[in-house]
Amino acid sequence: MALMRSIRSSLRLAPLALLIPLAAARADDVLPPVPAQFLVQDGATASASIAVGADGTAHMAAVSYDDNVVYATCAAGCGEDGAWMRTALPVPGAIRVEIAVAARGAPRLLVVAEAADGLGGRDFLYGACDPGGFLAARRDCSRPGDWTLTRVAGSHESGMGDFFERLLPTHSFALDPAGNPRFVYPDSDYFSEPDHYGVFYMSCEGGCTDPAGWSETDLANHLEYRTEQFTRPALAVGPDGAAHMLAWVYGFEPDGTAIPNDLYYYGCQAGCADRANWRRVDLVNPGSGSYPSPTWDIAVDPQGRPRAAVFVAGAPEQADLADSLLYFWCDADCTTDRGWAGTVVLTDGFGEGPALALDRAGRPRIALLSPDALPVVAACDAGCVGDSPAWTSRFLEAEADIAADRPTALPFTCDGELWHGLMPDLAVAPDGRALVGYDVSVQARCLYQAFQEPEITYDFHEIWRGARVAELADE
């Protein structure tokens, strides 16, 4: 465990005309691990997602490898054994899940599962539970019967999206102030008639467990046989109901004029089911590569102003931003170049898979991965939207800490055991506690020798995977 200390430098952040300070990651001081545990100790789980209600209760979800979604709640001490109440919701073919909490602690889920049509696509299921009722009919979301899950959309994405869905985080699901759900997803479905190509903003204003209650808005530009391509759209909704989205876009203007293949911010103040109410601006070129991969998240502060965390991978347009974690903010004119500014938070490969959350004062906290795929939390407490931000960061736990919590036996032909963090998620409680959910993948090098072949070959395989949660007190 180590504290990351900041140093200063100057960089020009493309495409914004802005000089920004650089904070590099250094492992200087040993810190104890924070309380953490696997959500399910005796089974394999993945896609850890976490949220906190207004009363401070933590809500968590993950998919299990036996066709279930695990939903759990915790009132306090969420890194300690016995703190979570769990229930399993049957969802055949569940792949990933996102969770949000509406007023009065009502949890909401977006579950992505293998398509029931058997054609290799994905079904999007909306899950709702409303605590309340009386006596035998009382619902506390601890029983499968307390929940309603409904398929509300489907896709047959034929790009690389499905390849990364078990490796990179998705932040596509949000609720508006009234608890109405929204999510975004890309599709390139040629099975449908007409073809279903674009990126789709799904919204519901009531009766959301009925598919008829949902509306679909395509945010992509189309021209003849051309369609803009979107990668990993991330969505946030502000306290005023405005929608904010980040997506890596291979796009063009409505008249066909090419635009840079960059990360774009999309904003809509009201009437977001109407494509005409959305505007966009080029934020940054996010680099390229599959590991580490360009990744990002977006959040909205209590005043309705968007903030973004972006990990820039290899070979970006601005070379000195490679392998860096950036923090962006906008206070006004957010769909124009002049609206955004930013700083570099961490360098040297720290920052893949950022999950951004803001506390009640609007101060940012970012869960991320180190170059060795260990969970890290970065926090800023002062000057966060200026040229002298006070960022600090620390590891949550080391590989040995995680491995000691659940020793995993390797097949006898395997060695080289590795414990890697994946897909972090983050929520901040009203009292400032940071709750981090993340997957842990246990991998090993497994040796093979074919019959009558002298050469021994090897490959790395995932041996086990588990959703994990850690709780970090406000420091």
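Above this note sits the structure.
Now for a quick tour of the structure. All values reported here derive from a predicted model rather than from experimental measurement. (Residues numbered from 1 in each chain as written. Predicted model: local features only at pLDDT ≥ 70, side-chain atom pairs only at ≥ 80, totals over all residues. Heavy atoms only, no water.)

A separate point is the side chain of N285. Along the chain, N285 turns up in the loop between strand 22 (279-284) and strand 23 (295-300). Residue class for N285 comes out buried when judged on its relative accessible area of 17%. Polar side-chain contacts of N285 include one of 3.2 Å to the backbone nitrogen of G287. If we skip the residues at most four places from it in the chain, N285 touches N261, D262, V312, P316 and E317. (Helix = DSSP H or I, 4+ residues; strand = E, 2+ residues; numbered from the N terminus. Buried < 20%, exposed > 50% of the residue type's maximum accessible area, 1.4 Å probe, protein only. Polar contact = N/O pair within 3.5 Å; in protein donor to acceptor, adjacent residues only side chain to side chain. Contact = heavy atoms within 4.5 Å.)

Turning our eyes to something else, we now look at the sheet that holds strand 8 (residues 84-90). As summarised here, the arrangement of the four strands in space is 5-6-7-8, forming an open sheet in which the pairing is antiparallel. Every interior strand has two partners, whereas the edge strands, strand 5 (45-52) and strand 8, have only one. Averaged over neighbouring strand pairs, the angle between their axes works out to 20° when direction is ignored. (Pairing = 2+ DSSP bridges. Axes fitted to C-alpha atoms, helices over the stretch in contact; angles between N-to-C directions.)

Moving on, we get to the state of the cysteines. Put plainly, a disulfide is one covalent bond tying together the sulfur atoms of two cysteines. One pass over the structure, following the stated rule, counts seven disulfides. A sulfur-sulfur separation of 2.2 Å characterises the disulfide bridge that pairs C74 with C78. Handedness here is read from the sign of the S-S torsion; for C74 and C78, about -105°, the answer is left-handed. The residues C74 and C78 share a single accessibility class, namely buried. The residue that forms a disulfide with C380 is C384, at a sulfur-sulfur distance of 2.3 Å. Between C380 and C384 the disulfide shows an S-S torsion of about -105°. By sign, it is left-handed. A relative accessible area of 10% means that C384 is categorised as buried. (Disulfide = S-S within 2.5 Å.)

A separate point is the side chain of D187. Within the fold, D187 resides in strand 14 (residues 181-189). At 2.7 Å, the side chain of D187 and the side chain of H196 are in polar contact. Excluding anything up to four places from it in sequence, D187 contacts G154, S155, H156, E157, H196, Y197, G198 and F200.

Looking now at unusual backbone geometry. Note the cis peptide between Y291 and P292, where omega equals -10°. Tracing the backbone shows P292 in the loop between strand 22 and strand 23. At D67, a residue that is not glycine, the phi angle is positive and equals roughly 60°. Inspection of the secondary structure puts D67 in the loop between strand 6 (58-64) and strand 7 (68-74). Judged by its relative accessible area of 42%, D67 falls in the partly exposed class. In this structure, D323 takes a positive phi of about 60° despite not being glycine. Secondary-structure assignment places D323 in the loop between strand 24 (306-312) and strand 25 (324-330).

The full count for this structure, using the stated rule, is 17 aromatic pairs. With a centroid separation of 5.9 Å and an interplanar angle of 50°, the aromatic rings of F230 and Y266 are classed as tilted. Note that F230 is positioned in strand 19 (residues 229-237) and Y266 in strand 21 (residues 262-268), a separation of 36 residues in sequence. Assessed through its relative accessible area of 7%, F230 is described here as buried. Considering the side-chain rings of W248 and W296, the 6.1 Å spacing of their centres and the 85° angle between planes classify their relative orientation as edge-to-face. Residue W248 is found in strand 20 (residues 243-250), and its partner W296 is found in strand 23; the two are separated by 48 residues along the sequence. (Phe/Tyr/Trp six-rings, centres within 6.5 Å; stacked < 30°, edge-to-face > 60°.)

Here the focus is empty space enclosed by the protein. Overall, the coordinates contain three cavities of 30 Å³ or more when judged by the stated rule. Its volume calculated, the largest cavity comes out at about 60 Å³. Surrounding the largest cavity, P169, T170, H171, R232, P233, A234, T295 and W296 form its lining. Residue assignment for the lining of the largest cavity shows that the elements contributing at least two residues are strand 19 and strand 23. Of all the elements, strand 19 adds the most residues to the lining of the largest cavity, at three residues. Of the residues that constitute the lining of the largest cavity, the class distribution is four nonpolar, three polar and one charged. For the second largest cavity, the full set of lining residues is A46, S47, V63, Y65, I95, R96, E165, R166, M423, D439 and R465. Of all the secondary-structure elements, those providing two or more residues to the lining of the second largest cavity are strand 5 and strand 9 (94-101). Residues belonging to the lining of the second largest cavity are distributed by class as follows: five nonpolar, one polar and five charged. (1 Å grid on protein atoms, 1.4 Å probe; cavity = no way out; pocket = protein on both sides within 12 Å on 5 of 7 lines; lining within 4 Å. Points joined across faces, edges and corners; volume = space filled by probe spheres on them. Nonpolar A, V, L, I, M, F, W, Y, C, P; charged D, E, K, R; others polar.)

Before going further, it helps to spend a moment on a nonpolar patch on the surface. A contiguous nonpolar patch, built from L418, L447, I456, Y458 and F460 and spanning about 470 Å² of accessible area, is present on the exposed surface. When residues of the nonpolar patch are assigned to their parent elements, the largest contribution, three residues, is made by strand 33 (residues 456-472). Along the chain, L418 falls in strand 31 (residues 414-428). Judged by relative accessible area, L418 falls into the partly exposed class, the value being 31%. (Patch = residues over 30% accessible without salt bridge, like charges linked within 9 Å, V, L, I, M, F, W, Y side chains within 5 Å. Areas by Shrake-Rupley, 256 points an atom, 1.4 Å probe, with all protein chains shown as cover. Salt bridge = Lys/Arg side-chain N within 4 Å of Asp/Glu carboxyl O.)

Judged by nonpolar contacts, the single largest core of 41 residues is most densely connected at Y327, I366, L368 and L396. Sorting elements by how many residues they give to this core places strand 32 (residues 434-449) first, with five residues. Setting aside chain neighbours within four positions, we find I366 in contact with A309, L325, Y327, P354, A355, L356, V376, V377, A378, W391 and L426. Formed by 22 residues, the second largest nonpolar core is a distinct cluster that contains A234, V312, L321 and C330. (Core = buried A, V, L, I, M, F, W, Y, C linked by side-chain atoms within 4.5 Å.)

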